[in-house]
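Residues per chain are reported as follows:
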Amino acid sequence: TMIDTCRDAAYGYDQRVEAFGAKGMLTAKNETTSSVELATVDGHLMPPAKWSFPERYNHAYMVELSEFVAMVRAGVDSEAHKLEQKEMMRHPRVVKTAWAAELSWKLGRQVRLDEDLDALQKQVTEAAKKA
């Protein structure tokens with residue numbers, strides 16, 4: 001397995017995935033502004049890759065936003081919300097990291113993952129009640 005990343009390719013941001021195996025290969029290439037490619041005796045000329053994440057992943061952003069709005073509208077007591085909470089707990093380190101980041105913002109300081117996040121949450125809650 002090899003992972004190579006670079007955000008500074010001379011020809012723009014390059015984002016490709018290739019997987020090789022005994023039975024074949026899977027490739028996901030950069031999305032470009034057009035699917036037209038010119039091939040001549042001098043070589044190939046292709047359109048540039050889409051520049052930004054919103055350009056490249058417009059559909060994914062729209063789906064995510066739609067699902068977020070649906071979840072907000074459903075409310076915290078809905079079955080959809082309960083299922084989402086259950087699914088999130090499959091990734092406890094991600095949840096803990098996000099929680100620590102939120103506490104860091106609320107406390108205005110760095111929060112380490114080995115700190116007692118429950119105790120810090122109580123501090124934040126108490127401070128909010130006094131404010």
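Refer to the structure presented above.
In this text the structure is predicted, and so the values were computed from the model without any measurement.

Helix and strand content of the protein chain: five helices and four strands. Each helix and strand of the protein chain, placed in order from N terminus to C terminus, yields the pattern β-β-β-β-α-α-α-α-α. The globule rule puts the C-alpha radius of gyration for 131 residues at 14 Å, and the 22 Å found for the protein chain is more than 25% above it. Projected onto its principal axes, the C-alpha coordinates of the protein chain cover approximately 75 × 35 × 35 Å. Considering the protein chain as a whole, with its 131 residues, one finds that 11% of them fall into the buried category. Carbon and sulfur atoms form 58% of the exposed surface of the protein chain, whose accessible area is close to 11600 Å².

Once that is clear, we can look at the pairing of strand β1 (residues 17–21). Of the strand pairs in this sheet, β1 and strand β2 (residues 24–28) are connected by five bridges, and their pairing is antiparallel. Paired with Gly21 across the strands is Gly24, a residue of β2. The antiparallel hairpin formed by β1 and β2 contains two residues in its connecting segment.

Considering all chains together, one arrives at eight salt bridges under this definition. Of the charged contacts in the structure, one is a salt bridge between Arg90 and Glu87, with a shortest N-O distance of 3.4 Å. The class of Arg90 is exposed, set by a relative accessible area of 57%. Between Lys129 and Glu126 there is a salt bridge whose closest N-O contact spans 3.9 Å. Of this pair, Lys129 and Glu126 both sit in helix α5 (residues 117–130), separated by three residues, roughly a single helical turn. Look at the salt bridges and you will find they share partners, linking Arg109, Arg112, Asp114 and Glu115 into a network.

Taken together, the side chains of Leu65, Phe68, Val69 and Val72 make up a nonpolar region of the molecular surface, amounting to roughly 370 Å² of accessible area. Here Val69 is to be found in helix α2 (residues 58–74).

Further remarks concern α2. Taking 1.5 Å per residue, 17 residues should reach 24 Å; α2 reaches 24 Å between its end C-alpha atoms and fits that length. Downstream of α2 by a residue or two, Gly75 has a phi angle that is positive, lying close to 90°.

Over its 16 residues, helix α4 (residues 92–107) extends 22 Å from the first C-alpha to the last, a length consistent with the 22 Å expected when each residue adds 1.5 Å. One or two positions beyond α4, positive phi appears at Gly108, with a value near 70°.

Another aspect to go through is the nonpolar core. A general trend in soluble globular proteins is that nonpolar side chains are found buried together. Grouped together as the largest cluster of nonpolar side chains are six residues: Ala100, Leu103, Val111, Leu117, Leu120 and Val124. Only α4 and α5 provide two or more residues apiece to this core. In terms of residue count, the dominant contributor to this core is α5 (three residues). If we ignore the near neighbours within four places in the chain, the residues touching Leu117 are Lys96, Trp99, Ala100, Leu103, Val111 and Arg112.

Procedures and definitions
Residues numbered from 1 in each chain as written. Predicted model: local features only at pLDDT ≥ 70, side-chain atom pairs only at ≥ 80, totals over all residues. Heavy atoms only, no water. Helix = DSSP H or I, 4+ residues; strand = E, 2+ residues; numbered from the N terminus. Rg over C-alpha atoms; globule rule 2.2 N^0.38 Å. Buried < 20%, exposed > 50% of the residue type's maximum accessible area, 1.4 Å probe, protein only. Areas by Shrake-Rupley, 256 points an atom, 1.4 Å probe, with all protein chains shown as cover. Pairing = 2+ DSSP bridges. Salt bridge = Lys/Arg side-chain N within 4 Å of Asp/Glu carboxyl O. Patch = residues over 30% accessible without salt bridge, like charges linked within 9 Å, V, L, I, M, F, W, Y side chains within 5 Å. Expected span 1.5 Å × (residues − 1). Core = buried A, V, L, I, M, F, W, Y, C linked by side-chain atoms within 4.5 Å. Contact = heavy atoms within 4.5 Å.

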